[in-house]
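Report on the structure
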2 protein chains.
Amino acid sequence: MQLSCKTMSAEEAAELIRHDEILGVSGFTLAGYPKAVPTALAKRAERLHAQGKPFQVSLFSGASTGDECDGALARANAIRYRAPYQSNKDLRTAINQGKIFYTDAHLGIMGHWIRSGALPHPTTAIIEATEVSDDGKIRLSTSCGNSMEFLQMADRIIVELNSLYGDALAGIHDCYLPDMPPHARPIPVSHVLDRVGTDFVQVDPEKIVAIVHTQAGDSVHPFTEPDEISKTIAGHILEFLAHERKKGRLPSGLPYQSGVGNVANAVLTAMARNPLQEPISLFTEVIQEAVFELIQSDKLIGASGTALTCSAKAREYFLANAFALKRKFVLRPQEVSNHPEVIRRLGVIAMNTAIECDIFGNVNSSHICGSSVMNGIGGSADFSRNCLLGFFMTPSTAKNGTISAIVPLVSHLDHSDHETDIFVTEQGLADLRGLDPVARAHRIIDACSHPDYRQQLNDYLNYSVKSAKGKHIPIALDRAFNMHLRFLSDGSMKE
Amino acid sequence: MQLSCKTMSAEEAAELIRHDEILGVSGFTLAGYPKAVPTALAKRAERLHAQGKPFQVSLFSGASTGDECDGALARANAIRYRAPYQSNKDLRTAINQGKIFYTDAHLGIMGHWIRSGALPHPTTAIIEATEVSDDGKIRLSTSCGNSMEFLQMADRIIVELNSLYGDALAGIHDCYLPDMPPHARPIPVSHVLDRVGTDFVQVDPEKIVAIVHTQAGDSVHPFTEPDEISKTIAGHILEFLAHERKKGRLPSGLPYQSGVGNVANAVLTAMARNPLQEPISLFTEVIQEAVFELIQSDKLIGASGTALTCSAKAREYFLANAFALKRKFVLRPQEVSNHPEVIRRLGVIAMNTAIECDIFGNVNSSHICGSSVMNGIGGSADFSRNCLLGFFMTPSTAKNGTISAIVPLVSHLDHSDHETDIFVTEQGLADLRGLDPVARAHRIIDACSHPDYRQQLNDYLNYSVKSAKGKHIPIALDRAFNMHLRFLSDGSMKE
């Protein structure tokens, strides 16, 4: 079949999408998401709404997409339901106003849920690709995300064929999905760079209903130099790792996972700039710009992720060095990059950012004051629960010191005291492993809390140890959220 | 070496243990724990305390042990620190009085933590066995638990050689531990009855310092008939499974995990007594007495667990039919029975008991009013986070209706809204998959809460939807624990 006859404009492709459909879009943390069709779809929705006609879709993705997709569709009031992750300002606002339904799910399980039938499958997949052949071989662009699952499960496929990368991405993908139970075999990945699948996704070419030519890059902000607080946190982590290695508790060769954001970037940057640092490998979600600095300083063995997030400058570097870089990079479906089986097997050292941590060891990664979602839990739990050693990092205060990141009780709980290992702020590092709850509370307050809040936290702990019915986790339910309530009423957690 | 010359009394063996040691004992949920030496050690501790001498140990186990171990040592004030699980009344009381430090950990990770160095290794292992050879081959008894790890890592080994089972348990164990990173291979278990290790544990015979002969059975309470509430819950689950199968969302052949307790037992019993039930397999922690009824009604393909929990009556049945039964049973180390890799691969259907569930989908499995530990999180999260489909079951009220199991916010969080699938009470079943938080709240209140508490929960939800700053998870931090606080002050959650 000649697929070229399916070529059309983004506007024409957007006309193919019906009200109430479930769309499965490519894209993971601003890498490889469709741009032209969602923007055209948003315009179409606005036209239909102006005519008094309903038009909304459910939107499934890998993770966050760019403003051309999540932002445009949210502003057009074209999204009814969204899963499993987002980071767009306008979309977030609409979710927190209760205008868009949102399921904030573990990134490693979303595709598995769709394949098992726990979630309905997308009716239309909109996937950014760099190549598509007449017999249905699709080469993805800068992310794998859930694209394989969407391509397999959707009734119809719209391809955004992006010419920006030429064939520079050819061979970077490892398209493999785990078997579904009850006849599943082990996932044969035992090293970061193991390749176990194909470098393209095979689809039924009959399902492809549109091919839209594009050439716009991912809208990724340029890398910014780590600030002092991030550098201090990174320093605590590197010092601790060296200490653990010296104690014989940390074999060399364990890969790192690095969450998205400034602090995680600062750790990689610090490694890149440390002349004593041995070369490392990464088994992570997002291959971020800081990874290029590791390569340039000859400290990267290899990096496995589900997305390659490049600002315009980093993209230029990648395109100029694609042949060499691709030997060091593998992009996998997020079902594999975030799979408990592989993460536990490799013994990943996980580094994720917290919004707040409580004194008994729980972590909130997703919701402000328990109710407003920031981005989502993302893959943090996929890694933190299955890693060999896990760090949660956060500056000890936020908003000019009016918020303490260490609180009596997290207002939303993503990672429980049963599984968190290490908390780090610029104040210091608390190794919680094997500590009972009261010992954890003292350690966290002493090592991690900001001095401005230390007395307040100790006062709470003293009160709760006295007043709690049980002394195992002496929580005072009547005062556990007082710091949050004070912030909500007075604009500061400070007494 | 002639190990028989290491034979001694329990009292003599107890003399070998020093103050401040870390003991690693066999045993998982009252199966296969050492009995004579811990009891003798408790007596020794009491004698030393009477002389004004300090004597306390840290106690690591598989999971809960019997009163001869956990109870005797707790009453003797001989435990300083305990991990990862317990269910003994006196030990629990001491923990909740703040007299014993307790780390409540996921059961599948404890052995891995010890092998990786995250926790210190036991200095002395006290392991119940049914056979020990001069060249250091140890045949375990009714549980595997963490015994392999303790035997490998401990400096010294005390064996309680129990003659009660003769050779009836020979061949039931599959002694295999996953490789440690960074050079780990896949765990080659793809079916419930796959055997991938040896049927004994090999130790260095030089490490064995004592062999104590015993013949006492595990102190397991006899099976009780399911009550009406448990039967109703079981009915909801079986009806839902049939519905899912009909919808094509549940392939046949998926194994079940069944938590410990009346409700979980009721589900297995209902399956055993349903003439239309197809034979099932179990990939679980504890092979409980209800499993025998499945066998007798020809409905068990096979059961994999880490413990075989037998009351005196069930033990009699097992001993009389050991040869046939062993072809249907495998006992594995809890690192394997509870391993995310294997649970996810097999597509386990998980059924666990909750203490309380909240309207947004979070579950508390471990702590009463947030502060008093009941038993512990156990393996519930190992299964619920990695299963294909997970149920949390609880009667809708407790303590004569003064406690609602459905609350605005759980007072301790073990399983987050990001990962819970299905809640079931005798009132009904709520399928939460894919629902946003507010939809979840309505579903849970309507389907699962007791009518006596429904108005109160709806009033809270209405208030919180209005008052919460963010509407994604409209939680009202000022009233979230009001039902718990009312119970603590008035003895009832009722308004």
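Residues numbered from 1 in each chain as written. Chains lettered and ligands numbered in written order. Predicted model: local features only at pLDDT ≥ 70, side-chain atom pairs only at ≥ 80, totals over all residues. Heavy atoms only, no water.

Regarding the sheet that holds strand β17 (residues 356–358) of chain A
Residue and element names in this part refer to chain A. Taken together, three strands build an open sheet; the order of strands is β18-β17-β24 and the sheet is mixed. Looking at strand neighbours, the two that pair on one side only are β18 (363–364) and β24 (406–407), the edges of this open sheet. The sheet contact formed by β17 and β18 spans two bridges and is antiparallel. Within the sheet, the bridge partner assigned to glutamate 356 lies in β18 and is asparagine 364. (Pairing = 2+ DSSP bridges. Helix = DSSP H or I, 4+ residues; strand = E, 2+ residues; numbered from the N terminus.)

Brief notes about the pattern of salt bridges
Residue and element names in this part refer to chain A. Per the stated rule, a full pass over the model turns up 52 salt bridges over all chains. The residue arginine 47 makes a salt bridge to glutamate 15 at a minimum N-O spacing of 3.6 Å. Within this pair, whereas arginine 47 is found in helix α2 (residues 36–50), its partner glutamate 15 is found in helix α1 (residues 10–15), the two being separated by 32 residues in sequence. The partner of glutamate 225 in a salt bridge is arginine 273, and the shortest N-O contact between them spans 2.7 Å. Separated by 48 residues along the polypeptide, glutamate 225 in the loop between β9 (208–214) and α7 (228–246) and arginine 273 in helix α8 (residues 262–273) bring together distant segments of the chain. What makes arginine 273 partly exposed here is its relative accessible area of 42%. One network of salt bridges, with partners in common, ties together Glu244, Arg249, Asp431 and Arg433. (Salt bridge = Lys/Arg side-chain N within 4 Å of Asp/Glu carboxyl O. Buried < 20%, exposed > 50% of the residue type's maximum accessible area, 1.4 Å probe, protein only.)

Focus on empty space enclosed by the protein
A complete count under the given rule lists ten cavities of 30 Å³ or more for this structure. Considering only enclosed or pocket space, the largest cavity measures out at about 490 Å³ in volume. If you go around the largest cavity, you meet 35 residues; those closest to its centre are Ala381, Arg385 and Asn386 of chain A together with Arg385 and Asn386 of chain B. When contributions to the lining of the largest cavity are tallied by element, the ones reaching two or more residues are α5 (110–116), α13 (340–346) and α14 (380–384) of chain A together with α13 (340–346) and α14 (380–384) of chain B. Residue classes in the lining of the largest cavity are distributed as 13 nonpolar, eleven polar and eleven charged. Considered as a void within the structure, the second largest cavity measures approximately 250 Å³ in volume. Along its surface, the second largest cavity is lined by 24 residues, and Leu409, Val410 and Leu413 of chain A together with Val410 and Leu413 of chain B are the ones closest to its centre. Taken together, the residues of the lining of the second largest cavity sort by class into 14 nonpolar, eight polar and two charged. (1 Å grid on protein atoms, 1.4 Å probe; cavity = no way out; pocket = protein on both sides within 12 Å on 5 of 7 lines; lining within 4 Å. Points joined across faces, edges and corners; volume = space filled by probe spheres on them. Nonpolar A, V, L, I, M, F, W, Y, C, P; charged D, E, K, R; others polar.)

These results come straight from atomic positions and should not be treated as a statement about function.
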